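Summary of structural features
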Amino acid sequence: MEPGLLRGADGLSKDITPILGGWDHDPNEIQVRIIPGDDGREKLQTRVDLGLLQMELNGRPDGQRPHGFESLLEYHEHRRDQPEAGLGPFALEPTDCLDLMREGVQYYHRYLALFHLERFDLVAQDTGRNLRLFAFVVTHATRQRDKVQFDQYRPYVLMMHTRALGLQALARGDHRTVLKLIDEGIEGVLAFLSDYDQEDQEGQCQELGFLRRWRRQIDRERTKGPVERLEEQLNLAVAREQFEEAARLRDQIRRLREATAS
């Protein structure tokens, strides 16, 4: 064996150079791919300057099953739900929160890579999972600093969750659902600002600004039905105090709705 060449028990080299062959690192690009794993399951790989990160597509990204559960979050949720008479209410200690944060970062790396690959279904799954994590820690952590440490990321993950769901609806041409999802995302970010008495920071919230801009874009691009177009004309006529025109438009809207319902 050559000096310094590490091989496993099966005699195979541990050197990843052949795996990286033809996949040079580009610092200006996000480089991700899905490859078939030796175990028959697909793997997600992200190219970084010193090599690559490999993650599972399902379950915990590193493939571990802590305490036999899919993730630490599921384990602690199970603990919370177990009756433990005389032990007091369930709580997350600082060490628990540290481990949960490390796990949450794994899901963060995965959903960013999946977003680049336009696997919005899996992005929605992972962002939804991390939102559940934040709420869990805020409810059960013993220290306020741990609660804030997690919850500070809620606006960003809400935005990414909204984008993932919205882009799936947009691919179906369902603009109405996209607008509904964006409105829910906006409400979620506003609720965060309210929770921390930061309503005066709306203008500085980048996630809120993005969602509002996206909503205006979708509203401009969507195809409006005849009733909706007439309703816009009606609102304009009322604003201009053109009451005869407004009455005519109301009649037209009513007839269209009756025809649609019949």
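For the structure itself, look to the data block above.
Below or above, wherever it landed, is the structure these notes cover.

Quick notes on the rules
Residues numbered from 1 in each chain as written. Predicted model: local features only at pLDDT ≥ 70, side-chain atom pairs only at ≥ 80, totals over all residues. Heavy atoms only, no water. Salt bridge = Lys/Arg side-chain N within 4 Å of Asp/Glu carboxyl O. Helix = DSSP H or I, 4+ residues; strand = E, 2+ residues; numbered from the N terminus. Buried < 20%, exposed > 50% of the residue type's maximum accessible area, 1.4 Å probe, protein only. Expected span 1.5 Å × (residues − 1). Arc of directions from axis to C-beta. Contact = heavy atoms within 4.5 Å. Polar contact = N/O pair within 3.5 Å; in protein donor to acceptor, adjacent residues only side chain to side chain. Phe/Tyr/Trp six-rings, centres within 6.5 Å; stacked < 30°, edge-to-face > 60°. Lys NZ or Arg CZ within 6 Å of the ring centre and 35° of its normal. Axes fitted to C-alpha atoms, helices over the stretch in contact; angles between N-to-C directions. Parallel < 35°, antiparallel > 145°, perpendicular 65-115°, else oblique. Nonpolar A, V, L, I, M, F, W, Y, C, P; charged D, E, K, R; others polar. Core = buried A, V, L, I, M, F, W, Y, C linked by side-chain atoms within 4.5 Å.

**Some thoughts on the pattern of salt bridges**
Within the structure shown, the criterion is met by 23 salt bridges. The salt bridge partner of arginine 212 is glutamate 202, with a shortest N-O separation of 3.2 Å. Taken together, the positions of arginine 212 in helix α8 (residues 206-221) and glutamate 202 in the loop between α7 (175-195) and α8 put the pair 10 residues apart, joining distant regions of the chain. Taking relative accessible area as the criterion, arginine 212 reaches 31% and is therefore assigned partly exposed. Where arginine 254 meets glutamate 258, a salt bridge forms, and the shortest distance between an N and an O atom there is 3.5 Å.

**Notes on α8**
Along its 16 residues, α8 runs 23 Å from first to last C-alpha, staying within 8% of the 22 Å computed at 1.5 Å per residue. Within the sequence span of α8, burial applies to Glu207, Leu208, Leu211, Trp214 and Ile218. The buried residues of α8 occupy one face: seen down the axis, they fall within an arc of 130 degrees. Opposite the buried face of α8, at more than 90 degrees from it, the exposed residues are Gln206 and Arg220. Close packing links the buried residues of α8 with α6 (154-171) and α7.

**Section: the side chain of threonine 162**
With respect to the helices, strands and loops of the structure, threonine 162 is situated in helix α6. Of note is the side chain of threonine 162, whose polar atom sits 2.8 Å from the backbone oxygen of leucine 158. If near-sequence neighbours (up to four positions away) are discounted, threonine 162 is found in contact with Leu181, Ile182, Gly185, Leu211 and Trp214.

**A closer look at the packing of aromatic side chains**
Taken as a whole and assessed by the stated rule, the structure comprises 6 aromatic pairs. Each ring, one from tyrosine 108 and one from tyrosine 111, has its centre 5.6 Å from the other, and the planes form 90 degrees; the classification is edge-to-face. Here tyrosine 108 pairs with tyrosine 111, and both are found in helix α3 (residues 94-116), just 3 residues apart, close to one helical turn. Judged by relative accessible area, tyrosine 108 falls into the partly exposed class, the value being 32%. On the numbers, 6.1 Å between centres and 35 degrees between planes, the contact of phenylalanine 210 with tryptophan 214 is tilted. With phenylalanine 210 and tryptophan 214 both in helix α8 and 4 residues apart, the pair spans about one turn of that helix. In this structure phenylalanine 210 comes out as partly exposed when scored by relative accessible area, which is 23%. Just above the ring of tyrosine 107 sits the side chain of arginine 129; from NZ or CZ to the centre is 3.9 Å.

**Quick word on the packing of helix α2 (residues 72-80) against α3**
Their axes nearest at 9 Å, the elements α2 and α3 cross at an angle of 140 degrees. When the axis of α2 is compared with that of α3, the two are oblique. Here Leu72, Leu73, His76 and Arg79 of α2 lie close against α3, whose contacting residues are Asp96, Asp99, Leu100 and Glu103. Split into classes, the residues belonging to the contact of α2 with α3 amount to 3 nonpolar, 1 polar and 4 charged.

**Quick word on the nonpolar core**
Membership of the largest hydrophobic core comes to 45 residues, with the highest contact counts inside it found for Leu92, Leu100, Leu133, Val137, Phe150, Ile182 and Leu211. Those elements that provide at least two residues to this core are α2, α3, α4 (120-140), α6, α7 and α8. The greatest single-element share of this core, amounting to 9 residues, is contributed by α4. When neighbours within four sequence positions are excluded, leucine 92 is seen to be in contact with His76, Cys97, Leu100, Phe136, Val137, His140, Ala141 and Thr142. Grouped together as the second largest cluster of nonpolar side chains are 7 residues, Leu230, Leu234, Ala237 and Ala246 included.

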